[in-house]
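So the chains spell out like this:
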2 protein chains.
Amino acid sequence: MGKAGRNPTISDVAELAGVSVPTVSRVLTGAVKVSPAKRALVEAAIAELNYRPSAAARVLVSRKSRTIAVIAGNTSRYGYAETIRGIEIAARAEGYTVMIAVVESADDEEVDRAVSAVQTQTLAGIVVLKFDPPGAAALRKLGADVPRVALSGTRETGVPQAVLDEAAAAEELTEYLLGLGHRTVHHVRVPPSRRVDGRTSGWRRALRKADAPVPPVHDATWEPLSGVPIGRALAADPEVTAVFCGNDEIAMGVMRGIVEAGRRVPEDISVAGFDDHPLAELWSPPLTTVAQDFAALGTRGFQLLLESMNDEGAGRYSSERPKIVYRASTAAPGR
Amino acid sequence: MGKAGRNPTISDVAELAGVSVPTVSRVLTGAVKVSPAKRALVEAAIAELNYRPSAAARVLVSRKSRTIAVIAGNTSRYGYAETIRGIEIAARAEGYTVMIAVVESADDEEVDRAVSAVQTQTLAGIVVLKFDPPGAAALRKLGADVPRVALSGTRETGVPQAVLDEAAAAEELTEYLLGLGHRTVHHVRVPPSRRVDGRTSGWRRALRKADAPVPPVHDATWEPLSGVPIGRALAADPEVTAVFCGNDEIAMGVMRGIVEAGRRVPEDISVAGFDDHPLAELWSPPLTTVAQDFAALGTRGFQLLLESMNDEGAGRYSSERPKIVYRASTAAPGR
DNA sequence: CTGAAAGCGCTAACAG
DNA sequence: CTGTTAGCGCTTTCAG
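Here the structure is a predicted model, which is why all the values come from computation and not from measurement.

Procedures and definitions
Residues numbered from 1 in each chain as written. Chains lettered and ligands numbered in written order. Predicted model: local features only at pLDDT ≥ 70, side-chain atom pairs only at ≥ 80, totals over all residues. Heavy atoms only, no water. Helix = DSSP H or I, 4+ residues; strand = E, 2+ residues; numbered from the N terminus. Rg over C-alpha atoms; globule rule 2.2 N^0.38 Å. Buried < 20%, exposed > 50% of the residue type's maximum accessible area, 1.4 Å probe, protein only. Contact = heavy atoms within 4.5 Å. Areas by Shrake-Rupley, 256 points an atom, 1.4 Å probe, with all protein chains shown as cover. Lys, Arg positive; Asp, Glu negative; His and termini not counted. Charge placed at Lys NZ, Arg CZ, Asp CG, Glu CD. Buried area = accessible area lost by both parts, 1.4 Å probe. Salt bridge = Lys/Arg side-chain N within 4 Å of Asp/Glu carboxyl O. Polar contact = N/O pair within 3.5 Å; in protein donor to acceptor, adjacent residues only side chain to side chain. Nonpolar A, V, L, I, M, F, W, Y, C, P; charged D, E, K, R; others polar. Pairing = 2+ DSSP bridges. Least-squares fit on C-alpha atoms with pLDDT ≥ 70 in both. UniProt positions renumbered as here; feature names shortened; annotations may be inferred. Right-handed = clockwise from strand over helix to strand, strands pointing away.

Q: Summarise the overall build of chain A; cite the residues concerned and give the values.
A: Scanning chain A from N- to C-terminus turns up twelve helices and twelve strands. For 335 residues, the compact-globule estimate of 2.2 N^0.38 gives 20 Å, and chain A exceeds it by more than 25% at 26 Å. In terms of principal-axis extent, the alpha carbons of chain A reach across some 90 × 35 × 35 Å. A burial count over chain A gives 55% of its 335 residues as buried. Restricting the contact set of chain A to residue pairs at least 6 apart, pairs at least 24 apart contribute 71%. Counting every atom, chain A has about 14300 Å² of accessible surface; 51% of that belongs to carbon and sulfur. When the 39 positive and 40 negative side-chain charges of chain A are each reduced to one mean point, those points stand 5 Å apart.

Q: Please provide a residue-by-residue account of the interface of chain B and chain A, values included.
A: Counting residues at the interface gives 49 residues for chain B and 49 residues for chain A. With both chains or domains summed, chain B and chain A bury close to 4100 Å², and 58% of this area falls on carbon and sulfur atoms. Among the ionic pairs, A:Arg92 bridges to B:Glu110, the shortest N-O distance being 4.0 Å. Linking chain B with chain A are 16 residue pairs in polar contact (both at pLDDT 80 or more). Residues that form the side of chain B that touches chain A fall into these classes: 20 nonpolar, 15 polar and 14 charged. Pairing analysis gives three bridges linking strand β2 (residues 97-102) of chain A to strand β2 (residues 97-102) of chain B, with the strands arranged antiparallel.

Q: Residues and numbers for the relation of the copies chain B and chain A, please.
A: Here the two chain copies are tied together by a rotation about an axis and a shift along that axis. The operation relating chain B to chain A is a screw motion whose rotation component is 180°, with 0.1 Å of axial translation and a residual RMSD of 0.2 Å. What the rotation and shift describe, once combined, is the action of a two-fold rotation axis. A shared interface surface links the copies, since 100% of the contact residues of chain B are contact residues in chain A too.

Q: Describe the UniProt feature "domain: HTH lacI-type" (unreviewed entry) in chain A, and please don't skip the residues or the numbers.
A: UniProt records the feature "domain: HTH lacI-type" (unreviewed entry) at residues 8-62 of chain A, using the numbering of this structure. Helix makes up 71% of residues 8-62 of chain A and strand 0%, whereas the separation of the span's terminal C-alpha atoms amounts to 20 Å.

Q: Can you explain the sheet that holds strand β8 (residues 242-245) of chain A? Please cite residues and give values.
A: All names here are of chain A. With parallel pairing, the four strands of this open sheet are ordered in space as β7-β6-β8-β9. Here the strands that pair on one side only, and so sit at the sheet edges, are β7 (218-219) and β9 (270-272). The pairing of strand β6 (residues 186-189) with β7 spans two bridges and is parallel. By the bridge assignment, Val188 is partnered in β7 with His218.

Q: Now, about the pairing of strand β8 (residues 242-245) of chain B: what can you tell me, with residues and values included?
A: Every second residue of β8(B) is oriented toward a common face, with B:Ala242 and B:Phe244 on one face and B:Val243 and B:Cys245 on the other, all of them buried. Handedness of the β8(B)-helix α11 (residues 248-260) of chain B-strand β9 (residues 270-272) of chain B crossover: right-handed.

Right, dumping it as structure tokens:
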């Protein structure tokens, strides 16, 4: 019998069931056939002792793990949280456990800390949220010894990757605005993930293709409130009739600034966002935006990871085109 | 030298440094003194091989882990995501890694699955988000063998717990509304965590204390849009002048319904929410609400866990009183 | 201060 | 089908 206070081990189970330790292991893993009689004995013993195999011991000897890590710059912001949720759901469905490693900044020290924390664990795979510079830096430092998948960001070579084609969506949205009759579209950017930001480059491409002037970009922070002064500034310029914002929260801040400055949305100025935040539909006026299915992105990411664990489809690239959601915050320019 | 393709092990390091394996272990753990000369040798070897100790092997022999698990009914909804963020930040600061276990429902099977997944890991401790029935069910099934902490929910005995005193805050907010001159306050509830929901009971307590009529409760889902029809219904009743909603997102939906029905906020009807969602301040009109510091709750939770790992303060209870944020969505009743 | 020996809980050969 | 024998990578005695 196991000593009191200690968790039961596989030998406690073996002893109680009257079989050898490997036999218990065999019913646990199910890999090798065991006679029904002994199997029943073992299962009874497991139930009686409320035995749970130790993942640590298992991993040590089998070198196989049922844990994946998610490396992310953040866990609670809308896109991040939803993506992680998608990964977790897919992982759970396949019996995997998820571990989180947050990389606050792209500082060498911080990235090393996070990468070390991850490399210490024996993992089945790693999903990197390449939404921002910290994520990209972490991916770069990761060895190729463990299956990895990158989510979003610039295209990787040699690493399977799933992305949302933000540039295409931003281009389409900007074209829509121009098609409404706006002479040009102004842009408020969220902190860019990298040198080239898909949302910004899609916007610029659309303007160039239409030979529309490319106004200077306004930079917001992740704080919704940071959009307010930008909105006020934009409203002060009578030339401004359409604004495309890097995300919905900033768009809401910008709209607030515009309204505070005494102009109307969309009569005087059209405003569009990005993400289709849960509150975008509820906003007044409801926000025209781009629906990004982050949870599906996470799920695709885990799928890619699974494939890459089985050596299939290494280097696969999966791109999805987000859909524009037309609502009331955009309209033809007034007079 | 280590075989190619394999991660380097502690004996590869020992060999390269020309010392014994336990000596390497001693510089790794720092528990026992090692001569500066050997220490330098070992550190050089570690750096050269880019060696990372295996957490699995460590845990197996030392029975000590630097990983904690968070059990939660959800990971991406505002309060949940922020709480997890707070836990993760505190854990990371102390060198702990966070593992996530999601419990979708309170079904026995689902709860057992999550609890098993957690018990398989060798953990330093577990933080349970007792925000909802699944969380509460999971806490109940967890053995006392690993340090645990409960966050929110009804008071536990024997388990350290950190909570936000929602009932007190809801009562204060309701009293404020009554103090403004409203005859009573209507209530829209979010899916309740348990039989007694703090927000609802605080509201009811305030009405009783003031001898105000207690109108029937309206039930919303977690979907912000579910508030819209409720808002419309409320607006149709001329008796309604003040509404207290279970969270900000629902409050936004309710306000939308009220406005659609042709009544104004706050001139005709005051609306208050709960949580101080990042967009509450930006809403028109800005929402009166209760600021819940979920990240701080998470941090306090991890602190409690640390104490309980060191056998200090087992059974501690930490309650924080959220602060009311007065904004423009509430006012004295019009005539 | 340092090395030798033992063993954590489990699975992977290998006989039988 | 089943038991015996090894040993995963590390920390922990225990001698020196």
